[in-house]
Amino acid sequence: MQTTRHTLVLTAGQSSGWVRDLGCQAWSIATALPTHELRRTLDANVLTCVVVDFTHGFNSDAHAALERLLALPNVGAVGLVAAGQLEDPLVRHLAVDHCLDVLSTPASPAQLTLSIAYAFDMLESRMHERDIDGNLLLRAGLKGGHQVHAEGSMIGSCEAMVALFRSIRKVARTDAPVFISGESGTGKELTAHEIHERSARRDRPFVVINCGAIPPHLLQSELFGYERGAFTGANQRKIGRVEAATGGTLFLDEIGDLPFESQASLLRFLQEKKLERIGGNQLHDIDVRIIAATHIDMPAAIESGRFRADLFHRLCVLRIDEPPLRARGTDIELLARRMLDRYRSDSQRTVRGFAPDAIAALYTYPWPGNVRELINRVRRAIVMSERPFITADDLDLGDYADRSTVSLAEAREEADRDVIQMALLRNRGSLSKAAIDLRISRVTLTRLLRARGMSAANFRSSRSAR
Ligand SMILES: Nc1ncnc2c1ncn2[C@@H]1O[C@H](COP(=O)(O)OP(=O)(O)OP(=O)(O)O)[C@@H](O)[C@H]1O
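Note that the structure is a prediction, hence the values are computed from the model and not measured.

Lay out the overall build of the chain in plain terms, naming residues and giving numbers.
Each helix and strand counted, the chain has 20 helices and 16 strands in total. Each of the 466 residues in the chain was classed as buried or not, and the buried ones make up 47%. Taking as baseline every contact in the chain between residues at least 6 positions apart, the subset at least 24 positions apart corresponds to 71%. Only carbon and sulfur atoms are counted for the fraction: they give 50% of the accessible area of the chain, which is about 23600 Å².

What follows is the structure in structure tokens.
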């Protein structure tokens, strides 16, 4: 897909001064009327920002054409409205539901430029969204001529997620046990489900058992089932989860919390592929694929004797590590926007996007609850927000929105200070050695230190401390 930044101004009036001003910017500008032919003129492979100038009004044919045009996945729109125009339901619908940003006239060229840049950023972020098969969602939408629904599937475009998708596709082709590790809420269960869906077992059951949520004394019967009369209250035979998964996949969630006494029976089942219901005297052959997951540190659990090493080695033939959300870079924003699209209808009001302070907070917050927490915060914000754009406060992340801006000079100054400090610490305050590391002369280093009010002497104490 090309990434040409093409801007189209749709107006029923004369091309005015601001269009010429925009033409001087980096974008290519064209002016047109939103007629039926227009859709054909928009090359589906070019990301296009459409500036819709509502101020001169459009006839009803043009309104219908506009609606189709603005729904195209490669189009991001900015609306220009005059005072009172949003009271017209048709204009309000097109501007509020279909435009990424709406400006009141007169809008300055600077405001327009910002809005167009925002529309392109949104389009480009959409362009990088991938589903688990590595398909670019927007690209797929363009090719198929329809919007792709990613509901229920995994989203990610960062290097770690692309590697994860590759692993999922590979392990799905085999029948070996898979062990998924990762912090809570990173998508372990979703990953297990995706493996199942891509495996030859996809038409058979995918059965989940949360080993940490079932009381230890019930776990054995939940896993393996029981025969009638096995114990008081066992009025009829019960099939366990392992047997229920026959032919399919058994997902053992929170395997690290499996009570020690149940570990031996699970190990026996994995070795023999046979199970005996409690109170029964018959062994049944069971064909299931095992996927286990945990958020706990398994080597530590084995070291402390809480988990059997032999069971772990049986379960962990193939291993998948789920990256924490904070390590997924721009995927954080991608997921937030996706969840906003998914849950936007929870609110009566129209929520159009995230304010800059919310975006900053998304990147600063460490996300201990990972994707689950992100979904919850976005859903809450959709309901709580009183403005068209969700703020950091709506996400309850006001403390993480650094609203102060940093100039390039300040950022460079800070970076210089950090690098100099590191060099002095490493060389225990020796000016000559630090200067060699920094590949500058001793004289320059002395000058830089003086300019920053720093002293090499402050770093020498670490020499005597050793
Ligand atoms: N990459 C992703 N794309 C879209 N949704 C995701 C992604 N990863 C996780 N989710 C969603 O986040 C939520 C938590 O995911 P999931 O339950 O799979 O996490 P988990 O690691 O198994 O959590 P826990 O450790 O608490 O069991 C689910 O709603 C899931 O659909």
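Requested: an account of the nonpolar core, with residues and values cited.
Ranked by internal contacts, the top residues of the largest apolar core, which has 30 residues, are Leu 252, Ile 255, Phe 269, Phe 307 and Leu 315. A total of 4 residues in this core trace back to one element, the largest contributor, which is helix α11 (residues 260–272). Core analysis: the second largest hydrophobic core is formed by 28 residues, Leu 334, Met 339, Leu 362 and Leu 397 among them.

Any details on the packing of aromatic side chains? Residues and values, ideally.
For any pair of aromatic rings, the description rests on two quantities: the centre-to-centre distance and the angle between the ring planes. Within the structure shown, the criterion is met by 6 aromatic pairs. When the centroid spacing of 4.8 Å and the interplanar angle of 85 degrees are considered together, the rings of Tyr 365 and Trp 367 count as edge-to-face. Classification of Tyr 365 as buried rests on a relative accessible area of 10%. Aromatic rings pair up to connect Tyr 365, Trp 367 and Tyr 400 into one cluster.

Account for the sheet that holds strand β13 (residues 289–294), with residues named and values stated.
Taken in spatial order, the 5 strands of this open sheet run β7-β10-β13-β6-β14, and their pairing is parallel. The open sheet terminates on both sides in strands that have one partner only, identified here as β7 (206–210) and β14 (318–321). Adjacent strand axes in the sheet meet at a mean angle of 20 degrees, parallel and antiparallel pairs treated alike. Each of β6 (178–181), β13 and β14 is contacted by helix α7 (residues 159–172), which is oriented at about 155 degrees to β14, the strand it contacts most.

Quick rundown of the pattern of salt bridges? Include the residues and the values.
Summed over the entire model, instances satisfying the criterion amount to 19 salt bridges. For Glu 222, the salt bridge goes to Lys 238, with nearest N and O atoms at 3.6 Å. Of this pair, Glu 222 sits in helix α9 (residues 216–224) while Lys 238 sits in strand β9 (residues 238–239); the two residues are 16 residues apart in sequence, bridging distant segments of the chain. Across the salt bridge formed by Arg 426 and Asp 437, the nearest N and O atoms sit 3.2 Å from each other. With Arg 426 in helix α17 (residues 408–426) and Asp 437 in helix α18 (residues 431–437), the pair connects residues that are 11 residues apart, well separated along the chain. Judged by relative accessible area, which is 51%, Arg 426 ranks as exposed.

Break down the packing of helix α14 (residues 331–343) against helix α15 (residues 356–364) for me, with residues and values.
Between α14 and α15, the least distance of the axes is 9 Å, while the angle of their chain directions is 125 degrees. Put simply, α14 runs oblique to α15. Relative to α15, the crossing made by α14 is right-handed. Of α15, the residues touching α14 (which contributes Ile 332, Glu 333, Ala 336 and Arg 337) are Ile 359, Leu 362 and Tyr 363.

Give a detailed account of unusual backbone geometry, specifying residues and quantitative values.
One non-glycine residue with positive phi stands out, namely Lys 273, at about 55 degrees. Mapped onto the elements of the fold, Lys 273 is located in the loop between α11 and β11 (274–275). Even without being glycine, Asn 370 reaches a positive phi, approximately 55 degrees. Checked against the element boundaries, Asn 370 lands in helix α16 (residues 370–384).

Could you give an account of the environment of Gly 256, with specific residues and numbers?
You can see Gly 256 is positioned in the loop between β10 (249–253) and α11. The class for Gly 256 is buried, based on a relative accessible area of 10%. With 45 residues separating them along the chain, Gly 256 and Cys 211 place their C-alpha atoms 8.0 Å apart. Leave out the neighbours within four places in its chain, and Gly 256 touches Thr 294, Ile 296, Met 298 and Phe 307.

Quick rundown of the site of the ligand? Include the residues and the values.
Around the ligand, 20 residues are found, and the nearest of them are Ile 155, Lys 188, Glu 189, Leu 190 and Arg 372. Within the contact set of the ligand, a nitrogen atom lies 2.9 Å away from a backbone nitrogen or oxygen of Ile 155. Within the side chain of Arg 372, an N or O atom sits 2.9 Å from an oxygen atom of the ligand. Expressed as a share of its isolated accessible area of 640 Å², the protein-covered part of the ligand is 84%. Sorting the residues of the shell around the ligand by element identifies α8 (188–197), α14 and α16 as the ones contributing at least two each.

Let's hear about α9: which residues, and what values?
Listed in full, the buried residues belonging to α9 are Leu 219, Ser 221, Glu 222, Leu 223 and Phe 224. Residue Gly 225 follows α9 closely and has a positive phi angle near 75 degrees.

Any details on the pairing of β6? Residues and values, ideally.
Every regular strand shows the same layout, with side chains that alternate between the two sheet faces. Both faces of β6 are covered, namely the face carrying Val 178 and Ile 180 and the face carrying Phe 179 and Ser 181. In this structure, β6 lies alongside β13, joined through 4 bridges in parallel fashion. Among the inter-strand pairings, Ser 181 is bridged to a residue of β13, identified as Thr 294. Here β6 runs beside β14; their pairing, made up of 4 bridges, is parallel.

About the thresholds
- Residues numbered from 1 in each chain as written.
- Predicted model: local features only at pLDDT ≥ 70, side-chain atom pairs only at ≥ 80, totals over all residues.
- Heavy atoms only, no water.
- Helix = DSSP H or I, 4+ residues; strand = E, 2+ residues; numbered from the N terminus.
- Buried < 20%, exposed > 50% of the residue type's maximum accessible area, 1.4 Å probe, protein only.
- Contact = heavy atoms within 4.5 Å.
- Areas by Shrake-Rupley, 256 points an atom, 1.4 Å probe, with all protein chains shown as cover.
- Core = buried A, V, L, I, M, F, W, Y, C linked by side-chain atoms within 4.5 Å.
- Phe/Tyr/Trp six-rings, centres within 6.5 Å; stacked < 30°, edge-to-face > 60°.
- Pairing = 2+ DSSP bridges.
- Axes fitted to C-alpha atoms, helices over the stretch in contact; angles between N-to-C directions.
- Salt bridge = Lys/Arg side-chain N within 4 Å of Asp/Glu carboxyl O.
- Parallel < 35°, antiparallel > 145°, perpendicular 65-115°, else oblique.
- Left-handed = near helix turned anticlockwise from the far one by under 90°.
- Near = heavy atom within 4 Å.
- Polar contact = N/O pair within 3.5 Å; in protein donor to acceptor, adjacent residues only side chain to side chain.

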